[in-house]
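# Structural overview
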Amino acid sequence: MCGIALVLSGGGRVVVAPSAAAAAVAAVGIQPSDEGKGVTVDELKAALRRRGPDSLGCERLRVRADGTTLGSDGCDCGVGNGGDVGDTELCFIGATLQLRGAEPILQPMVGQSGNVLVYNGEIYGGVHVADDQNDTQSLLSSLESCCSCECHALVRDEACLCCGSVGKSKDSKTMWFGRDAFGRRSLLVHWPSPDDPRFILSSVSPPSFASNNSAPTVKVMESGEDNDFPESTNMSYWEELPCGIYSIQLKSLEKSGMCMKEACVSKVRRHDWINSSLDELIQWKRKSIVPTVDDLTSHQNSVGDYCLSQSFRNSTEADKNAAYKVLIALRESVMLRTNLNRLFQDDLNKLKDDELAPIAILFSGGLDSMILAALLDQCLDSKWTIDLLNVSFDGQLAPDRISALAGLKELQRISPIRRWRLVEIDTVLTNLKGESEHVMSLIYPSNTYMDLNIGIALWLAAGGDGWVDGSICNMQDGCRYKYKSTSRVLLVGSGADEQCAGYGRHRTKYRLGGWVLLDEEMRLDVQRIWKRNMGRDDRCISDHGKEARFPFLDENVIKTLLEIPLWDIAKLDEPVGKGDKKILREVANLLGLKEAALQPKRAIQFGSRIARESNRKNFGSNRAANQASAGSVEIHQRAR
């Protein structure tokens, strides 16, 4: 996983077209900039380095007005400084968190044909990656085997039907960029503006820039446990890049650049996914939404009657059951995301620490994190410890701390040979002035108090700096000791509530409009998760040089859940803690997590008690905060 950035500057202008068929919605000149009115390259490097502490690389390419391309200039990315009039400069930055491959690599990567790739993420399917191979190298190799014409087909051995080319891509001078279909990795975009006419992509906004240039007016969070918050209407320097693949043809910049009096124009085009199955997942359409009387009658048998010792793959009758299908899909998802490949495991073995934990879980003791913990136990060699990271703003009294302690006992019961380490991360909000300002820059362009509360809780939890009670974790001779988790991979339960009707508003929609309205609300949640949750959460967690992985948002898990009738996913006329996320409660039962299967939904800002403490700090009380929600406040002033 990495932090990446691109800065495009030069003598042209970009016409922004959100889709291939859409009309232009913006046309702003791209001119050389002294970076005085916007983010600097050095600031981008510093922010990205926190995400990728293992290496930092920078490559600069210049496309001249006559069509020639000047090669890499290394890390001296003085974007906008020097160059001839009409030149287009591209500065690529990559900060690497090395988790895969047989030996360290440096981003940006430059291929044999001169193509440049900066990649932020992990590949779990679609492109084959050998156990000892780096996924960025595999991706670059695959991309260079694509045809350079409009179809961009793979042409390793056969000629392209469109242009007849065979083998590696030609010099198409096309810049491609994008974000995965569900926005699991952050990517921000700055569209050219009069104040800063450069086109910029970055995984994160630099702290100094966000604090000095953002003054959004936002509403405070409302009471309740829904992850609902108002959308900001203010124009921001940065925006979350919508999911999808985009391209800019640099050839058009070259041609127009030949005439110094004419503006260079290039369209940012958005491309459709060619994978039909992926497109179906994005549309998030379920075939069975409204049950008949026969449907409800035929689904009365409890999946808990099946023997837990049944083999996952050898079972026939159990495999037909919805809960078993979800369990299998989730287990495979966790397995893919927790495979310790050669480079990672070699580094771990050098440390020779019996209590080393290569993988941790953001742990509330609730349903989602308990399922992930039990599945990780099945997928990870028993010699490794598993860190359970739990944050509290009210010591041992916070609901998430209480459920985490109970969850630890249940995990120890179902897997007594595993070393489980509950890391208790305790803090007081009033002591986090500097940290709060830093987290504000990470959540940006998100800008509500709910965003800030969630961001602080996630940021602290991911840091893993807390205490371990050796008496309950069976460690360090039973002593309580200070501990900081060194796990570089964190499993997070994002996506479970959206897909399985875990929010209170889902129950409200069901009460008002039945199954149809519930399905519509769940679809809306999944389709906007990239903007409301994933970018913010990824930036807060990755700021510690750690990678968040989201097993519930695996494509096969999403596909499996969509194939199940809605009435088997949730039954919202039943009480809280039973009918909501019904399918996952059945999965927990199959894993032997009887107590976790009864846990009610609690959002992290409420379970950790940061919401209550935030309301007291900023408004005097929860009641005053709720009254203030009718008006508006400026987050940057209140948080200082």
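What you see as residue numbers is a count from 1 along each chain, following the sequence as written. Local features are withheld for residues below a pLDDT of 70 in this predicted model, meaning they are given only at 70 or higher, and side-chain atom pairs are given and counted only at 80 or more; totals for whole chains, interfaces and linings count all residues. Based on all heavy atoms of the structure, the side-chain values leave hydrogens and waters out of the count.

### Topic: the overall build of the protein chain
Secondary structure elements follow DSSP: runs of H or I no shorter than four residues count as helices, runs of E no shorter than two count as strands, and numbering proceeds from the N terminus. A count of helices and strands for the protein chain gives 23 helices and 23 strands. A 1.4 Å probe rolled over the protein chains alone gives each residue an accessible area, and that area as a share of the maximum for its type sets the label: buried under 20%, exposed over 50%, partly exposed in between. Within the protein chain, the proportion of its 640 residues that are buried is 56%. Restricting the contact set of the protein chain to residue pairs at least 6 apart, pairs at least 24 apart contribute 73%. About 26,900 Å² of surface is accessible on the protein chain, with carbon and sulfur atoms providing 50% of the total. Note on contacts: a residue pair qualifies if any of its non-hydrogen atoms lie within 4.5 Å across the two residues. Calculation of accessible area relied on Shrake-Rupley with a 1.4 Å probe; when residues are assessed, cover is drawn exclusively from the protein chains displayed.

### As for the packing of aromatic side chains
Note on aromatic contacts: the rings of Phe and Tyr and the six-membered ring of Trp form a pair at centre separations within 6.5 Å, being stacked when their planes are under 30 degrees apart, edge-to-face when over 60 apart, and tilted otherwise. In total, this model carries six aromatic pairs according to the counting rule given. Here tryptophan 191 and phenylalanine 199 contribute two aromatic rings whose centre-to-centre distance is 5.6 Å and whose plane-to-plane angle is 50°, an arrangement assigned as tilted. In this pair, the class of tryptophan 191 matches that of phenylalanine 199, namely buried. Between tyrosine 481 and tyrosine 483 the ring centres are 6.5 Å apart and the planes differ by 85°, which places this aromatic pair in the edge-to-face class. Assessed through its relative accessible area of 14%, tyrosine 481 is described here as buried. Of the residues examined, tyrosine 483 reaches a relative accessible area of 14% and is grouped as buried. Clustering of aromatic rings is evident, with ring pairs tying together Phe177, Trp191, Phe199 and Tyr246. Note on geometry: a ring has a charge over it if NZ (lysine) or CZ (arginine) is within 6 Å of the ring centre and within 35 degrees of the ring normal. One Lys or Arg, arginine 337, reaches over the ring of tyrosine 124 and ends 4.4 Å from the middle of that ring.

### A short note on the nonpolar core
Among buried residues, the Ala, Val, Leu, Ile, Met, Phe, Trp, Tyr and Cys ones that are joined through side-chain atoms within 4.5 Å form a nonpolar core. With 125 residues, the main nonpolar core has Leu388, Ile583 and Leu584 as its most contacted residues. Tallying contributions element by element places helix H12 (residues 449-463) first for this core, with ten residues. Here the limits of each domain have been adopted from an automatic or database domain assignment. Residues from two domains meet in this core; each of domain 1 (2-76 + 84-140 + 170-213 + 235-252 + 263-271) and domain 2 (278-296 + 316-632) gives at least three. Counting residues in each nonpolar core, the second largest holds 21 residues, with Ile4, Phe177, Trp191 and Ile248 among its members.

### Examining the confidence of the model for the protein chain
Per residue, pLDDT captures the predictor's confidence, and it can take any value from 0 to 100. Residues with a pLDDT of 70 or more make up 72% of the protein chain, whose mean pLDDT is 79. Contacts from residues 153-157, a stretch scored under 50 in pLDDT, to residues over four places away or in other chains number 18 contacts. With pLDDT under 50 throughout, residues 630-640 is counted as low confidence; its partners more than four residues away or in other chains account for 33 contacts.

### What about empty space enclosed by the protein?
Cavities and pockets are defined on a 1 Å grid built over the protein atoms alone: a cavity is a set of grid points where a 1.4 Å probe fits but cannot escape, while a pocket is an open set with protein on both sides within 12 Å along at least five of seven lines, and lining residues are those with an atom within 4 Å of any such point. Grid points are joined across faces, edges and corners, and a volume is the space filled by probe spheres set on the points. Inspection of the entire model under this criterion finds six cavities of 30 Å³ or more. In this structure, the largest cavity spans a volume of roughly 670 Å³. Taken together, 36 residues form the lining of the largest cavity, with Asp497, Lys601, Arg602, Ala603 and Ile604 sitting closest to its centre. For the lining of the largest cavity, the secondary structure elements donating two or more residues are helix H9 (367-379), strand E17 (386-392), H12, helix H14 (496-500), helix H16 (529-542) and helix H20 (604-607). Sorting elements by how many residues they give to the lining of the largest cavity places H16 first, with five residues. In this classification, the charged set is Asp, Glu, Lys and Arg, the nonpolar set is Ala, Val, Leu, Ile, Met, Phe, Trp, Tyr, Cys and Pro, and all remaining amino acids, among them Gly, are polar. Among the residues forming the lining of the largest cavity, the class breakdown is 15 nonpolar, twelve polar and nine charged.

### A look at helix H2 (residues 135-144)
For H2, a buried count of seven out of ten residues is recorded, marking the element as mostly surrounded by other parts of the structure. For H2, the complete set of buried residues consists of Asp135, Thr136, Ser138, Leu139, Leu140, Ser142 and Glu144. Tucked inside the fold, the buried residues of H2 contact strand E7 (109-110) and strand E8 (116-117). N-cap assignment for H2: the residue whose side-chain oxygen lies 2.8 Å from the backbone N of threonine 136 is asparagine 134. Side-chain atoms alone can form a polar contact between residues adjacent in sequence; in general such a contact is a pair of N or O atoms within 3.5 Å, and within protein one must be able to donate a hydrogen while the other accepts it.

### Structural notes on the packing of H12 against H16
Two elements in contact, H12 and H16, have axes separated by 8 Å at closest approach and are oriented at 40°. Overall, the two elements H12 and H16 adopt an arrangement that is oblique. The crossing of H12 and H16 is right-handed. Residues Asp451, Ile454, Gly455, Leu458, Trp459 and Ala462 of H12 form the contact with H16, whose own contacting residues are Arg532, Arg536, Asp537, Cys540 and Ile541. Lines fitted to C-alpha atoms define the axes here, with helix axes fitted over just the stretch in contact, and angles between the N-to-C directions of these axes take values from 0 to 180 degrees. Any angle between 65 and 115 degrees counts as roughly perpendicular, while under 35 counts as roughly parallel, over 145 as roughly antiparallel, and the rest as oblique. By convention the crossing between two helices is left-handed if the near helix lies anticlockwise of the far one by an angle smaller than a right angle, and right-handed if it lies clockwise.

### Let's talk about the pattern of salt bridges
Pairing between side chains becomes possible if they bear opposite charge and their charged atoms approach one another. Should a side-chain nitrogen of Lys or Arg be within 4 Å of a carboxyl oxygen of Asp or Glu, the pair is scored as a salt bridge. Evaluation of the coordinates by the stated rule reveals 43 salt bridges. Aspartate 519 serves as the salt-bridge partner of arginine 523, at 2.7 Å between the closest nitrogen and oxygen. Here aspartate 519 and arginine 523 lie together in helix H15 (residues 504-527), a separation of four residues that amounts to about one turn. For aspartate 519, a relative accessible area of 2% puts it in the buried group. Put simply, lysine 582 and aspartate 568 hold a salt bridge, and the shortest N to O gap is 3.8 Å. One end of the pair, lysine 582, is in helix H19 (residues 582-590); the other, aspartate 568, is in helix H18 (residues 566-569), with 14 residues separating them in the sequence. For the pair formed by lysine 582 and aspartate 568, the shared burial category is buried.

### Concerning the environment of leucine 591
Examined against the element boundaries, leucine 591 turns out to sit in the loop between H19 and H20. The spatial distance from the C-alpha of leucine 591 to the C-alpha of alanine 374 is 7.0 Å, given a sequence separation of 217 residues.

### Observations regarding the packing of H9 against helix H10 (residues 399-414)
Closest axis-to-axis distance for the H9/H10 pair is 11 Å, and the angle between their directions is 25°. Judged on the interaxial angle alone, H10 and H9 are roughly parallel. Handedness of the H9/H10 crossing: right-handed. Here Met370, Ala373 and Ala374 of H9 come into contact with H10, specifically with Gly407, Glu410, Leu411 and Ile414.

### A closer look at the side chain of arginine 505
Considering the arrangement of structural elements, one finds arginine 505 in helix H15. Under the relative-accessibility criterion, arginine 505 is labelled buried at 7%. A polar contact of 2.9 Å, which involves the side chain of arginine 505, links it to the side chain of aspartate 525.

### What to know about the pairing of strand E18 (residues 420-426)
Counting buried positions along E18 yields six of seven residues, so the element is predominantly enclosed. Whether two strands pair depends on DSSP finding at least two bridges between them. Relative to E18, E17 runs parallel, the two sharing seven bridges. Paired with valine 391 across the bridge in E18 is isoleucine 425. If the strands point away from the viewer and the path from the first strand over the helix to the second runs clockwise, then the crossover is right-handed. Read as a crossover between parallel neighbours, the route from E17 over H10 to E18 is right-handed.

### Regarding the side chain of lysine 582
A relative accessible area of 14% places lysine 582 in the buried class. Apart from residues lying up to four places away in sequence, lysine 582 is in contact with Trp567, Asp568, Ile569, Ala570 and Lys571.

### Remarks on unusual backbone geometry
A negative phi holds for most residues other than glycine; trans holds for most peptide bonds. Looking along the chain, the bond that leaves glutamine 107 and enters proline 108 is cis, with omega of 0°. Positionally, proline 108 belongs in the loop between strand E6 (88-96) and E7. Of note in the backbone geometry, alanine 501 takes a positive phi value of approximately 60° without being a glycine. One can find alanine 501 in the loop between H14 and H15.

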